[in-house]
Amino acid sequence: MVVHAAALLIMAMITIPAPRESTAQQLVVAPGQNEAVEEVEDLLQDAPQDINLETDLSPIEVASNVDSSQDVSAFDDATAATAMVELSPIGLEHANQSDLMAAVGALSGNDMSGRGSGKARLVATAGGSEGSERAVALALKWLANHQMPDGGWSFDHTKAGGCNNQCRNPGSLADARSGATAMALLPFLGAGQTHREGEYSKNVRAGLYYLITNRMKVSPEGGSFLESGGNMYSHGLAAICLTEAYAMTRDKVLRAPAQEALNFIVSAQDTVGGGWRYQPRQKGDTSVVGWQIMALKSGYMGFLQIPPVTIQKAVRFLDSVQSNEGANYGYTDPGAGPATTAVGLLCRMYMGWGKDNPALQRGVKWISDLGPSKTDMYYNYYATQVMRHWEGEEWKKWNAEMRDFLVNSQAKSGHEAGSWFFADGHKTDRGGRLYCTSLACMILEVYYRHLPLYRKQTTEENFPLD
């Protein structure tokens, strides 16, 4: 009885839970403090590898028809990991606010958006023509046919294997290979041709490779393209090439060389006057300053580092050479030269002068009244950009004359077909046919090469001054 009573007591103490209703559960797993989050690239079967430009790329042989299978970068759009960015006016790891709203190919996109799918619309709406686009296509073909076997170009274009002295008017600056290569590459980039895509991708790839591996000299001051004859001109042009190519493609391999080129511009600035000239830290002149400012602007479009103090000092230089209260500009002192005025006004536009600025209004009218030159493509190159950014009736008048003159003056026959040469132009004896062709081609690309500064969103991309 005692045993049975104990058993009954134990059984009475046991309870059976009621059936629970089935509910769907969601499991959320967060990584621990020491557990790394898996990157998008880690999910790919063949993750892209970094390239060492000194060891991983073999030399590229380039004939008149460039055919190279070696790519500058192992990264492409399909495999590149998406970067997380913070909003900030400028910085190496930050994007500016306007970029997140940019629409590629749209009028309201960032400064280089017009080189994409919207190019045809911009040609039609901004004053281009079938003739101007045909002239650009012929110019690019001429440039491609005068590329050197090492991937670069020379102002003495007759040295290119495909020419064999069939084209006249070689330039005398045969040693300024960086400057010549940059001037040849810029029209390709302006037309939307990069080392990743386009009919001339192999030409662009070989040219960029030549600049980075054969011409750039890296030191604690940055990556220099200084060379005999070209000096800081060559450096500014090459820096524009690298920064534009990087801004257009975001190729990670181009990022470091582009930043190094900008670093050299920063270190080469005259610390007192704020300008640039032939050699680092010389008292500046407006001509050299213009190329450096354009390189810094292209770098800013690619979200590379540019110290605000560099721009502040450049403003100080422009103040020192202006006349007519900022409507005109001289070379090393106050003046009113056509080319230097065009350079100065374009720099002012990029540095934040609005259309309501009285000095800018007077300067634009001064250039409009002067009109395009029939010989000086250097003046025309800068003045055309000023007028394109300004738009309105002044632009329509300027464009009609400039466009038709270039289309009609382009060489139409023989091996020179697609090129230009202006015997009495600025420095044409030194730069030769390559120099003239590059400037004329970029003038005809003005409809899409840079979007008008005073449109919505592009106005938000001025240099930061603090």
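The structure we're discussing is the one just above.
Figured I'd write up the structure that's included with this text. (Residues numbered from 1 in each chain as written. Predicted model: local features only at pLDDT ≥ 70, side-chain atom pairs only at ≥ 80, totals over all residues. Heavy atoms only, no water.)

### Structural notes on the environment of Ala247
And step 1. Here Ala247 is to be found in helix H6 (residues 231-249).
And step 2. The exposure class of Ala247 is buried, given its relative accessible area of 12%.
And step 3. Put simply, Ala247 and Met112 are 135 residues apart on the chain and 8.3 Å apart in space, counted from C-alpha to C-alpha.
And step 4. The residues contacting Ala247, other than those within four sequence positions of it, are Met112, Ser298, Met301 and Gly302. (Helix = DSSP H or I, 4+ residues; strand = E, 2+ residues; numbered from the N terminus. Buried < 20%, exposed > 50% of the residue type's maximum accessible area, 1.4 Å probe, protein only. Contact = heavy atoms within 4.5 Å.)

### Examining the layout of surface pockets
To find leftover empty space, a probe the size of one water molecule is rolled over the atoms.
And step 1. Approximately 490 Å³ is the volume attributed to the second largest pocket.
And step 2. Along its surface, the second largest pocket is lined by 23 residues, and Leu173, Tyr233, His426, Lys427 and Tyr435 are the ones closest to its centre.
And step 3. At the level of elements, helix H4 (177-190), H6, helix H8 (286-301), helix H10 (338-350) and helix H14 (428-444) are the ones that each hand at least two residues to the lining of the second largest pocket.
And step 4. Top element by residues in the lining of the second largest pocket is H6. It accounts for 4 residues.
And step 5. Looking at the lining of the second largest pocket residue by residue, the class counts come to 12 nonpolar, 9 polar and 2 charged. (1 Å grid on protein atoms, 1.4 Å probe; cavity = no way out; pocket = protein on both sides within 12 Å on 5 of 7 lines; lining within 4 Å. Points joined across faces, edges and corners; volume = space filled by probe spheres on them. Nonpolar A, V, L, I, M, F, W, Y, C, P; charged D, E, K, R; others polar.)

### Re the environment of Asp270
And step 1. As for its position among the elements, Asp270 is in the loop between helix H7 (252-268) and H8.
And step 2. Assessed through its relative accessible area of 10%, Asp270 is described here as buried.
And step 3. Residues in contact with Asp270, not counting those within four places in the same chain, are Gly275, Arg281, Gln282, Lys283 and Gly284.
And step 4. Side-chain polar atoms of Asp270 contact the backbone nitrogen of Gly273, separated by 2.9 Å. (Polar contact = N/O pair within 3.5 Å; in protein donor to acceptor, adjacent residues only side chain to side chain.)

### What about unusual backbone geometry?
And step 1. A positive phi is found at Asn165, a non-glycine position, where the angle reads about 65°.
And step 2. With respect to the secondary-structure elements, Asn165 resides in the loop between helix H3 (130-144) and H4.
And step 3. In the Ramachandran plot, Arg281 falls in the positive-phi region, its phi being about 65° despite a non-glycine side chain.
And step 4. Mapping Arg281 onto the fold places it in the loop between H7 and H8.

### Structural notes on the nonpolar core
And step 1. With 111 residues, the main nonpolar core has Trp276, Ile293, Ile367, Tyr382, Leu406 and Trp420 as its most contacted residues.
And step 2. The residues touching Ile367, leaving out its near neighbours within four places in the chain, are Thr341, Ala342, Leu345, Tyr379, Ala383, Val386, Met387 and Trp398. (Core = buried A, V, L, I, M, F, W, Y, C linked by side-chain atoms within 4.5 Å.)

Interpretation note: all reported values are geometric properties and have no functional meaning in isolation.
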